[in-house]
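# Coordinate analysis (summary)
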Number of protein chains: 2
Amino acid sequence: MTKSVYSFSDDVPDEQLKPLLGGKGQGLNVMTRLGIPVPPGFTLSTEVCNYFREHDGGYPEGAKQEVIEALAKVEATLGRRLGDPEAPLLVSVRSGARVSMPGMMDTILNLGLNAQTVEGLARMSGDRRFAFDAYRRFLQMYGDVVLEVPHSRFEQALSALKVAEGHATLPDYALSAEALERLAATYQGIIEEVTGAPCPTDAREQLWGAIGAVFGSWDNPRAIRYRRMQEISDAWGTACTVQAMVFGNQGDTSGSGVAFTRNPSTGERALYGEYLPNAQGEDVVAGTRTPLALTAASAPPGQEGTSLERAMPAVFREFVSLTERLETHFRDMQDIEFTIENGQVFILQTRTGKRTAHSAVTVAVALVDEGVITPAEALLRVDASSLDQLLHAQLPTPEELAKRGIHALAVGLPASPGAATGSIVFHADDAERLAKVGTKVILVRRETSPEDIHGMQAAEGILTATGGMTSHAAVVARGLGKCCVAGVGALSVDYAKAIVTVRQSDGATRVLKEGDAMTLDGSHGAVYAGALEVSAATTLPELDRLMLWADEHRKLGIRANADTPEGARQARALGAQGIGLCRTEHMFFADDRLEAVRCMVLARSAEERRRWLDKIEPMQEGDFLQIFEAMQGLPVTVRLLDWPLHEFIPKLAEEHEAVALALGDDASAVRQRAEAMHELNPMLGHRGVRVGLTVPGIYRAQARAVLTAACRLAERGIEVHPEIMIPVVGIAGEVEQMRAVVDAAAAEVFEEQGRKVDYLVGTMIELPRACVRAGEIAKHAQFFSFGTNDLTQTTFGISRDDSGTFLPAYVSELGLLEADPFARLDIDGVGALVAMAVERGRATRSDLKLGLCGEHGGEPRSIAFCAEIGLDYVSCSPPRLPVARLAAAQAAIRALSV
Amino acid sequence: MTKSVYSFSDDVPDEQLKPLLGGKGQGLNVMTRLGIPVPPGFTLSTEVCNYFREHDGGYPEGAKQEVIEALAKVEATLGRRLGDPEAPLLVSVRSGARVSMPGMMDTILNLGLNAQTVEGLARMSGDRRFAFDAYRRFLQMYGDVVLEVPHSRFEQALSALKVAEGHATLPDYALSAEALERLAATYQGIIEEVTGAPCPTDAREQLWGAIGAVFGSWDNPRAIRYRRMQEISDAWGTACTVQAMVFGNQGDTSGSGVAFTRNPSTGERALYGEYLPNAQGEDVVAGTRTPLALTAASAPPGQEGTSLERAMPAVFREFVSLTERLETHFRDMQDIEFTIENGQVFILQTRTGKRTAHSAVTVAVALVDEGVITPAEALLRVDASSLDQLLHAQLPTPEELAKRGIHALAVGLPASPGAATGSIVFHADDAERLAKVGTKVILVRRETSPEDIHGMQAAEGILTATGGMTSHAAVVARGLGKCCVAGVGALSVDYAKAIVTVRQSDGATRVLKEGDAMTLDGSHGAVYAGALEVSAATTLPELDRLMLWADEHRKLGIRANADTPEGARQARALGAQGIGLCRTEHMFFADDRLEAVRCMVLARSAEERRRWLDKIEPMQEGDFLQIFEAMQGLPVTVRLLDWPLHEFIPKLAEEHEAVALALGDDASAVRQRAEAMHELNPMLGHRGVRVGLTVPGIYRAQARAVLTAACRLAERGIEVHPEIMIPVVGIAGEVEQMRAVVDAAAAEVFEEQGRKVDYLVGTMIELPRACVRAGEIAKHAQFFSFGTNDLTQTTFGISRDDSGTFLPAYVSELGLLEADPFARLDIDGVGALVAMAVERGRATRSDLKLGLCGEHGGEPRSIAFCAEIGLDYVSCSPPRLPVARLAAAQAAIRALSV
């Protein structure tokens, strides 16, 4: 017969602790065995839970007796007994699975109270209000969780009581002992009315009811759904921990508090926290009394005496020593809840302390310097995605602002991190003009297009009414390192009136006009009216050290997406090992060449087109010269024209006229040709290699510009590694034919320049068909770069620009997706296609170079997946480079430890 | 040492004939061994070709000697010798691979001519012009193919000669013997100038040059590309056949002709064909003389005497007996080329005769009745896709019309077969109005939308400037059985001016206005100005018999796509075993409910929406009642709302006002909500299950309408099998959640109606992610129906509506795709995903019902693939049902014979 119940002090082999006792049981067992004072208790193992589930609520033979024995030990330790009217022992009964499932299962506190014991508690604590508050809370919790009385019945009774006591919005703590006593009686009545019987008064009966409810809650629908989402096995079951409750409100030598072993904001090595004398833990949290400092040093000037250090020096010394032992044992900053009951410190909980990115980096590096952990461990200690906090200007979180009464006007997608404040403008030209005279502006658009780039560059932040995480606005903003909130469905932008109307959740609308102040939180997707204070980005020497360790550990190469010389320089400074995606569309949009580009697109014949291409080619060559020079010695992947031709099409009459004049054509003919290029679904239209194949000359001119620039630098002794990438490939023959064009252009250029440079020709893999046919495509492609933005669009059949109307609901209320698949790679679907392409591509060409250049290249979980399937590199926007370097290192370290 | 050269009379085991001698060599060998008189000759085997390719143009030991011996046999048989100035033997040297590669490799005719033998030929034939014509043709062919003299040089010389002789457009046959003699001399000069040497005069040297060129042509780039497209092995090689040339122009007892053993238009069992006395085969083809009838019966009245039957009765009798032997041997109608040289009949070629669909059906059924072939063989004899010809009104082909001087105004996609003529209208309402008064109209649109359906129904044919094979216009037209030409890029439709402008290939434009006559050929995608004569669709009793055999043989179920009671009845009449796709969007567009639908979409709250849905539900119920009744006893798959909500959005101010009035809202607010629903890529937007999930109530109302209708029919004893299908699924949870909604609606309905009906809930599989995750999806879906239109769009990343600008070029000049993937399933890409989904789905649920309801369900090659991967059924538009039934039978028969 196996053991069913484990006292906290029982010896259990380390590897069995969590599976058997759950996370909570493990923590209490470890602390108890370390000699840390914790309120005594015991845990019913997960095996009991599984027996219970398989036997219709029954318990293994002997389990009930084991509980009685373990309980007796607790009673003996504390000198109180469960159900004893004189010295009642109260216990908590909590669930706790192998992995944390926060809020999914049930908990019951203050168990052991009834009409007699509540009086004993009142006497023992000397606080009748406290005793009846605990009692009514117990009745509500037990009624709800164990007896299945509708929650709302208790809420209604409480509301009615408040009305009777004075007014409806009375806070709970303002209710008197007498009122609470009456409430307890009302609750008893409700339970009897609904269930046909009173709440059990026998404490042991209460205990078994609570244990059964905890085990039963493993199979409640929200827990089942959570497990499915998190891929937690249904077979694990939950443990059930029964623990004595201790009370910090027993007088002046009692109290409760919370402490961090280091500063969770800055990482400074100093005890950090607060306490309340003669109070329960929930009083500290409730905020009705102002907590006091733990240390004299951290107390406000003049109030040093109230600090725990001065008020209870012996207790403080003991507590400090306990916190040090806990940190030493767990080898990380701890977040500790404690209660002092009549001068005795109890540790109720210790866990790894949550911290800001700043603190995470500082603590991790400090622990290495202190010899506690290795650099590899330090790398695992920092949440890669949290580095955004460090690298960008920040607002307080929406929750923090809400506490100060500042509420977001509207919420959209956190499209590009950081925060910014400025005056509203609606047009790129206005943004540029005002920025030149020093005005900080926020560019507000329905959506952005390539023609808005100069305005996005000039603005502090960008706000769009439509578009997803990888919309034009989002992609460009991240590339520029600008904060951006996209897809704010509640906005209506009226360019004609120069106003933006915000529909609020209550149906009201609010109108902001051009010039009004606005603040954006691109990290949370929040939009605020007015100018809020924004904290600047941090520079942290510890981060540089962490990055050096990251580079030592990671296997995955990290490149950046950049298409300007400045971008290239920034990328290099932030540690990029090359450019993984140099888009060429922006080059077409520069002021000095847009008209030539339009003439090229709208030319009447191949001959005419060729003449305009000849004008454009040397301009592009100049761009590449500078980018290649900035990336000297490193590879640069240049993507040939990807966007639909129609993006370059003029829409205004005056633009038609300008093109007509340049072409010697008439404006109505130009307009007609422009209109004929309109597409219903441009994302799935005439773009990428389809343009390359059907409008000959464009790819040739681009390849010539790339290779001519490379040759000219080579002449100056500057090493260049151009990689020419063909986008939107679905058919092997597309690559075969375009590669022939590139190779022919190369031969021409090398002849003209009298020298050769090495170059690669490869493809973007961004269509499901390309993944399926990767084996064929690899015959012609020297590298693959996964364009997972588009691959996500086509695999899901979801346009990034139009996803705002349903995708947020998929992630939140419907629970269909763990995360926005445009932000985090969908491993089960899109990832499976990527893995298929890797396998098939490498089977054809073992030295196929493999990278990823979608937005996912800067997202830690996606990067881990890329490392796992053996990609050579990922490429991300320059500001995400530290995130990517860290995530890649973590992936490598985790792979070693498997 | 293996044999290299085979005389036509050599015995070769049947199974080696084709691999060794190629298709052409096989035919000649078989005929010779049957005792059919063919001009003698021999074949160098494919093994010689492979040796030649591997040995840099060398020949296997002994091969040259074998050629000399085989040639000697030919010379002995005919009493002429190669290179003999007195009695010159001329030969043809032709390629011929295991499978036909038409026009891909080289051929040389009249080999053996030089300055001496041409005179001998002139004397022998008594026709100096003929001799020099043959000579100059030989020089050009040999110069081009063997000596690699640019083709254009000969063309230029010929043009110059014509100018010298009179005028530039002189036909070749008008050149005199003297002129041709001069031309031959000029050609000689060109050859010498380009190659530095004269054309070989030695006939054996000519022969080896020609054989080498034929073998070499196996590796010319166009042949390699063709083989890659057709998946023909490079290793097979070509055979090379050398055959004596015979001459039908030796006098009155000579002649040439072509014959079919049955009528290739009607299938009638009677010799069909024509001949020319004293003429060569090419004279019959050239059309410079009018050929004469073979039989007296088929000769024009009064000209019976000129028929072969009367003019050369003995020759005719022998010829008839030869044709009968050939048909008996090959067990099918033969297309025979023959030459009579001095009273002796030679069969130059026999092959299975090409025929119209009418003839194919008639001949196949007749051959069964004659006991020649089995019904299974008969089914394989008819090209399933050709049945379209029978089932629709037809124009002559564009080539036939061009011969009569009638040229297409423009060419687009053959979106829905058939032909129609009528007056141009630009608006659906006009089409309906005019059709009511008996005017036949062609509806011309930039593109069609669901609001145009009544006009499409009223029109004879539909023409659109944009859109692909599965655009709205194409899909709806096929469903209605209307002819449609889509995606005619050369059209600009100006609704305001009520004109359509056609840009012609020469840059000129032509304008047609409302009311002008126009003719469409939906089978070839051609558009004609004016009213051309259109032949009616055929009814053929033999087709009914063939269909019965098809149903006996096929394993695959055949359903129809239909969403009206008329459509359902038509489907049933044409043999559908159920409805595989009943779209519900059209039900929303009916006049009496469109406004209610718009109000539902634009409602301000869930409550308001519910009220409008309650109005719509009984209307839909009525639709389903009729459809289910028509399909009594058969399954009907109803697809819940698939289209983006925005399709239902009013665009005009008056429509906004109407909705605002109905909702009690103001028009500007309605307009704003309508505009907010605009999408950039609606195909990838808020549609299908995404609407079902985020706009609760719509799917519930639809499921209620389906199941209430089913219950009400069940009450009347009418058996119904509704299958409710959820579209645009990419995530298993989508199905899980919507199935719960459908099941809850079912429980409600069954309670209300006091009875239950069986129903299934399944999903459309139309996104790549659904294929990848099919195993998970099958946990919740009872059936899959592959929506291969959308799956093709997302797998390729190509919008069907926007593919017109590049996809035609992919199929034709670029050779990247064998066929439009929206017309024929892309087996390598989309098909691979379908097969993956089948495998994964069935692994989860072994009884998963599997169908396909994309446009590919009516395309024979796609149907064969569906049969191969084990689908249960395909579903197609009703007019395609005979095609689908036949194709399914063929797939089953072929599967047995493998």
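Reference entry: report on the structure contained in this document.

What counts and what doesn't
- Residues numbered from 1 in each chain as written.
- Chains lettered and ligands numbered in written order.
- Predicted model: local features only at pLDDT ≥ 70, side-chain atom pairs only at ≥ 80, totals over all residues.
- Heavy atoms only, no water.
- Helix = DSSP H or I, 4+ residues; strand = E, 2+ residues; numbered from the N terminus.
- Buried < 20%, exposed > 50% of the residue type's maximum accessible area, 1.4 Å probe, protein only.
- Contact = heavy atoms within 4.5 Å.
- Areas by Shrake-Rupley, 256 points an atom, 1.4 Å probe, with all protein chains shown as cover.
- Lys, Arg positive; Asp, Glu negative; His and termini not counted.
- Charge placed at Lys NZ, Arg CZ, Asp CG, Glu CD.
- Salt bridge = Lys/Arg side-chain N within 4 Å of Asp/Glu carboxyl O.
- Expected span 1.5 Å × (residues − 1).
- Arc of directions from axis to C-beta.
- Buried area = accessible area lost by both parts, 1.4 Å probe.
- Polar contact = N/O pair within 3.5 Å; in protein donor to acceptor, adjacent residues only side chain to side chain.
- Pairing = 2+ DSSP bridges.
- Axes fitted to C-alpha atoms, helices over the stretch in contact; angles between N-to-C directions.
- Phe/Tyr/Trp six-rings, centres within 6.5 Å; stacked < 30°, edge-to-face > 60°.
- Lys NZ or Arg CZ within 6 Å of the ring centre and 35° of its normal.
- Least-squares fit on C-alpha atoms with pLDDT ≥ 70 in both.

### Examining the overall build of chain A
For chain A, the helix and strand inventory stands at 36 helices and 31 strands. When its C-alpha atoms are laid out on the principal axes, chain A stretches across 105 × 60 × 60 Å. Counting the 898 residues in chain A, one finds 58% classified as buried. Expressed as a percentage of contacts within chain A between residues at least 6 apart in sequence, the contacts between residues at least 24 apart total 68%. Element-wise, carbon and sulfur atoms account for 50% of the exposed surface of chain A, whose accessible area totals about 35,000 Å². Here chain A contributes 88 positive and 117 negative side-chain charges, whose respective centroids are spaced 2 Å apart.

### With respect to the pattern of salt bridges
Note that side chains of opposite charge can pair when their charged atoms are close. In the structure shown here, the tally under the stated rule is 110 salt bridges over all chains. In this structure, Glu 193 of chain B engages Arg 153 of chain B in a salt bridge whose closest nitrogen and oxygen atoms are separated by 3.0 Å. One end of the pair, Glu 193 of chain B, is in helix H7 (residues 177-195); the other, Arg 153 of chain B, is in helix H6 (residues 151-165), with 40 residues separating them in the sequence. You can call Arg 153 of chain B partly exposed: its relative accessible area is 26%. Bridged by salt links that share partners, the residues Glu 585, Arg 639, Asp 642, Arg 687 and Asp 790 of chain A form one connected network.

### What to know about helix H12 (residues 313-330) of chain B
An α-helical segment advances 3.6 residues per turn. Residues three or four places apart therefore align on the same side. Residues and elements named next belong to chain B. Counted at 1.5 Å a residue, the expected span for H12 with its 18 residues is 26 Å, and the 26 Å between its end C-alpha atoms agrees. Turning to H12, its buried residues number three or more, namely Val 315, Phe 316, Phe 319, Val 320, Leu 322, Thr 323, Leu 326 and Glu 327. End-on view of H12: buried residues confined to an arc of 165°, all on one side of the axis. Facing away from the buried side of H12 by over 90 degrees, the exposed positions are Arg 317, Glu 324 and Thr 328. Here the buried face of H12 lies against helix H1 (14-34), strand E8 (255-260), helix H11 (308-311), strand E11 (334-341), strand E12 (344-352) and helix H13 (357-369).

### Brief notes about the environment of Leu 158 of chain A
Looking at the secondary structure, you find Leu 158 of chain A in helix H6 (residues 151-165). If near-sequence neighbours (up to four positions away) are discounted, Leu 158 of chain A is found in contact with Arg 136, Asp 172, Leu 175, Leu 183 and Tyr 187 of chain A.

### Topic: the interface of chain B and chain A
Counting residues at the interface gives 48 residues for chain B, matched by 46 residues for chain A. Together chain B and chain A conceal approximately 4,400 Å² of surface at their shared face, both sides included; 59% is due to carbon and sulfur atoms. For chain B, the biggest contributors to the area lost against chain A are Asn 681, Leu 684 and Arg 769 of chain B; these three give 15% of the whole. Where chain B touches chain A, the interface holds four salt bridges. A salt bridge links Arg 769 of chain B to Asp 826 of chain A, with the nearest nitrogen and oxygen atoms 2.6 Å apart. Scanning the region where chain B abuts chain A turns up 22 residue pairs in polar contact (both at pLDDT 80 or more).

### Remarks on helix H26 (residues 667-676) of chain A
Residues and elements named next belong to chain A. Among all positions in H26, only Ala 669, Val 670 and Ala 674 are buried. Across the axial projection of H26, the buried residues extend over an arc of 135°, all falling on one side. Contacts made by the buried residues of H26 are with helix H25 (653-663).

### Brief notes about the sheet that holds strand E19 (residues 491-494) of chain B
Residue and element names in this part refer to chain B. Read from one edge to the other, the open sheet built from three strands follows the order E19-E20-E21, with strand pairing classed as antiparallel. With one partner strand each, in any of the chains shown, E19 and strand E21 (509-513) form the two edges of the open sheet. Across this sheet, the average inter-strand angle for adjacent strands is 20°, counted without regard to direction.

### As for the packing of aromatic side chains
In this structure the tally under the stated criterion is 28 aromatic pairs over all chains. With 5.9 Å between their ring centres and 70° between their planes, Phe 806 of chain B and Tyr 810 of chain B make a pair best called edge-to-face. There is no split in this pair, since Phe 806 of chain B and Tyr 810 of chain B are both buried. Aromatic rings pair up to connect Phe 52, Tyr 59, Trp 208 and Phe 215 of chain A into one cluster. Its end group placed over the ring of Trp 208 of chain A, Lys 64 of chain A keeps NZ or CZ at 4.5 Å from the ring centre. Note that Arg 98 of chain A overlies the ring of Trp 236 of chain A, its terminal NZ or CZ placed 4.2 Å from the centroid.

### Section: the relation of the copies chain B and chain A
Note: a rotation about an axis with an accompanying shift along it relates these two copies of the chain. Its rotation angle being 180°, the transformation that places chain B on chain A also includes 0.0 Å of axial translation and leaves an RMSD of 0.2 Å. The superposition operator between the copies reduces to a two-fold rotation axis. Both copies contact each other with a shared surface, as 96% of the interface residues of chain B are interface residues in chain A too.

### Quick word on the sheet that holds strand E15 (residues 419-425) of chain B
All names here are of chain B. Spatially, the eight strands line up as an open sheet ordered E13-E23-E22-E15-E16-E17-E18-E14, and their pairing is mixed. Looking at strand neighbours, the two that pair on one side only are strand E13 (410-411) and strand E14 (413-416), the edges of this open sheet. Relative to strand E23 (residues 526-529), strand E22 (residues 517-521) is paired through four bridges, and the arrangement is antiparallel. Among the inter-strand pairings, Met 518 is bridged to a residue of E23, identified as Ala 529. On top of the sheet, helix H19 (residues 472-480) reaches E14, strand E17 (461-464) and strand E18 (483-486); it is set at about 45° to E14, its chief contact.

### Thoughts on the environment of Met 31 of chain B
Residues and elements named next belong to chain B. With respect to the helices and strands, Met 31 occurs in helix H1. Residue Met 31 is classed as buried on the basis of its relative accessible area of 1%. Placed 22 residues apart in sequence, Met 31 and Ser 9 show a C-alpha to C-alpha distance of 8.8 Å. In this view, Met 31 contacts Ile 36, Val 38, Leu 326, Ile 347, Gln 349 and Thr 350; residues no more than four positions away in its chain are not counted.

### Overview of the pairing of E11 of chain B
Residue and element names in this part refer to chain B. Here E11 lies mainly inside the structure; seven of its eight residues are buried. Where E8 and E11 come together, six bridges link them in antiparallel fashion. If you follow Gly 255 over to E11, its bridge partner there is Ile 340. Bridge analysis of E11 against E12 gives eight bridges, and the strand direction is antiparallel. Across the sheet, Phe 338 pairs through a bridge with Ile 347, a residue of E12. Turn length for the E11-E12 hairpin, with the two strands adjacent in sequence and antiparallel, is two residues, and the turn residue Asn 342 shows positive phi of about 50°.

Everything listed here is a matter of coordinates, which is why it stays silent on function.
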